Amino acid sequence: MSESVLRLGTTEDLKVSVGRQPLPTVLSLLADALGAAVQGVPPGWRSAARAACPSTTVQALGPAYESHGLWLPDCLSPLPLDTDAVPAQLDRLAAVGAEQLAGEVAERFPAGVPHAWQRVLDRPEPFVHGYVEATAGIWAAFAPVWRRSRHLLELEAERIGIATVTGTLDSALAGLGPRVHRTREGLSLPGRRKDRESLELPDRRLLLVPLVSGTTACVLGLGRRGPSWIGYPVPGLRELASGAATANRRARDPLEAVLGVVRARVMRLAHRGLTMGEVSSLLCCAPGATTHHCKLLEAAGLVRRKRQGQQVRLLLTRRGERLLGVLAS
C-alpha cells in the first residue's frame, strides 16, 4: 500500500484540537463492514455494522470502495467539529446536490471519471440514499457504545490538551495508532492514491479525532472543506469492547465517580492554580463550557475564581482541598 505524507514542519506553532463527533467513527465502521479497509473492529461490533448495511446499500456504494480503500467526496464526509445532532447531519448529507457531487468527483479523477463513478453522477440518488441509510443504521446500532466511550474520549482530549500546553506534542503525535507514524517530514498516513502523495497543512491547523471503532482504525479528512483531520483509535478501546473500561475507571477514581469526569478534572486543575484559559485548553472545552462546570463547583463551595490583572485563576477552597485529599486517586 502506498503512503501519504502530511508535512507538519515544527510543531511549536501547530494549532491542534480534538474532535469528538461520532460520524467519523461510523465511517470507520462502514469501511470495515464493506471490506474496504480493515479497521480492527471487534467481531460483535463488526456483525452489528454489517447487519445495518443491506445488500442493496452495499451494491449502491460499490464505486466508493472498488478502487483503493474507501473514498467519499468531501461533501459526503463527516465534519468532526459539527455541533449538530447526528440526525441533522444526516439530513444535510441527504440534501447534497448533484452539481456539487459531480465537481468533487471530477477533481478527484482529473484524468477521467471512472465508469462506476460516472454511473453515480448520472443517477446520484441511489448512492447518496444508500450512504445515508447505512450511516444512520450503523449509528442506531452503535449509539450505546458511543455513549459508554465518553470517558475515554474525555481522557484523550485531556492528553492532547496537556501535550499542546506543555510542548510535548511530538510525543502525542507519535501515539496515534498503528497506521499513523511520526517522521521527520511530518505524519506518514495510509495512501489515498497509488503513488506516494505529499500533503500540506493549510492554516497550520490539525484536528485529531479519536475513533471508537477498531484497534487499527484510521479515517482521514484531508480535503478542502474544513480543517484537516486524522481519525485514530481512542486509547482504551480494547477494555471498552470487553465491557471492563467503565467499571475499572470508576473503581480506581472515586473523585470521578462522585463529580463526573470533567468536573473531577476541573478540581485537579484548580489544585494547580491555573488560569481559566489554561483550564479550557487542557480540557479541550469551549470557554463557556468550562465556565459552566466551574460555576457548579463554585456553588458547591469547592472552587473559587480570583482575578489577577487581566487573568482569572481557578483555585480550590478549603472544602475542595479536603474533598480532593479524601477522594483523589
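Attention in this report is confined to the structure presented alongside it. Note that the structure is a prediction, hence the values are computed from the model and not measured.

### Points about the packing of helix α15 (residues 276-283) against helix α16 (residues 287-299)
Moving on, step 1. The interhelical angle for the contact between α15 and α16, taken along N-to-C directions, is 105°, at an axis separation of 9 Å. Considering the angle they form, α15 stands roughly perpendicular to α16. Contacts from M276, V279, S280 and L283 of α15 reach α16 at P287, T290, T291 and C294.
Moving on, step 2. Residues belonging to the contact of α15 with α16 are distributed by class as follows: five nonpolar, three polar and no charged.

### Focus: the nonpolar core
Moving on, step 1. One finds L30, W117, F127, Y131, I138 and V212 to be the most contacted residues of the largest nonpolar core, which totals 51 residues.
Moving on, step 2. Those residues in contact with W117, other than ones at most four positions away along the chain, are P63, A64, W71, P73, V105, F109 and F127.
Moving on, step 3. V18, A157, L199 and L206 belong to the second-largest nonpolar core, a separate cluster that totals 23 residues.

### A word on the side chain of T317
Moving on, step 1. Residue position: T317 is located in the loop between β10 (311-316) and α17 (318-327).
Moving on, step 2. At a separation of 2.5 Å, a polar atom in the side chain of T317 contacts the main-chain carbonyl oxygen of G301.
Moving on, step 3. Within the local environment of T317, its side chain forms a polar contact with the backbone nitrogen of G320, the two atoms lying 3.1 Å apart.
Moving on, step 4. Residues in contact with T317, not counting those within four places in the same chain, are G301, L302, V303 and R304.

### So, the sheet that holds strand β5 (residues 197-199)
Moving on, step 1. Taken in spatial order, the four strands of this open sheet run β3-β4-β1-β5, and their pairing is mixed. The open sheet terminates on both sides in strands that have one partner only, identified here as β3 (181-182) and β5.
Moving on, step 2. Bridge count for strand β1 (residues 3-7) against β5 is three bridges, and the pairing is parallel. Its bridge partner lying in β5, L6 is registered against L199.

### Considerations on the sheet that holds strand β7 (residues 219-221)
Moving on, step 1. Strands sit in the order β2-β6-β8-β7 across an open sheet of four strands; the sheet is mixed. Each of the sheet's edge strands pairs with one partner strand only, and the pair in question is β2 (15-18) and β7. In this sheet, neighbouring strand axes are inclined to one another by 20° on average, regardless of whether the strands run parallel or antiparallel.
Moving on, step 2. With six bridges connecting them, strand β6 (residues 205-211) and strand β8 (residues 228-233) associate as parallel partners. Residue L207 lies in a different strand from β8, and its bridge partner there is W229.
Moving on, step 3. Where helix α1 (residues 23-33) meets the sheet, its contacts fall on β6, β7 and β8, and the angle it forms with β6 comes to roughly 60°.

How each quantity is defined
- Residues numbered from 1 in each chain as written.
- Predicted model: local features only at pLDDT ≥ 70, side-chain atom pairs only at ≥ 80, totals over all residues.
- Heavy atoms only, no water.
- Axes fitted to C-alpha atoms, helices over the stretch in contact; angles between N-to-C directions.
- Helix = DSSP H or I, 4+ residues; strand = E, 2+ residues; numbered from the N terminus.
- Parallel < 35°, antiparallel > 145°, perpendicular 65-115°, else oblique.
- Contact = heavy atoms within 4.5 Å.
- Nonpolar A, V, L, I, M, F, W, Y, C, P; charged D, E, K, R; others polar.
- Core = buried A, V, L, I, M, F, W, Y, C linked by side-chain atoms within 4.5 Å.
- Buried < 20%, exposed > 50% of the residue type's maximum accessible area, 1.4 Å probe, protein only.
- Polar contact = N/O pair within 3.5 Å; in protein donor to acceptor, adjacent residues only side chain to side chain.
- Pairing = 2+ DSSP bridges.

As far as function goes, none of this settles anything; it's purely spatial.
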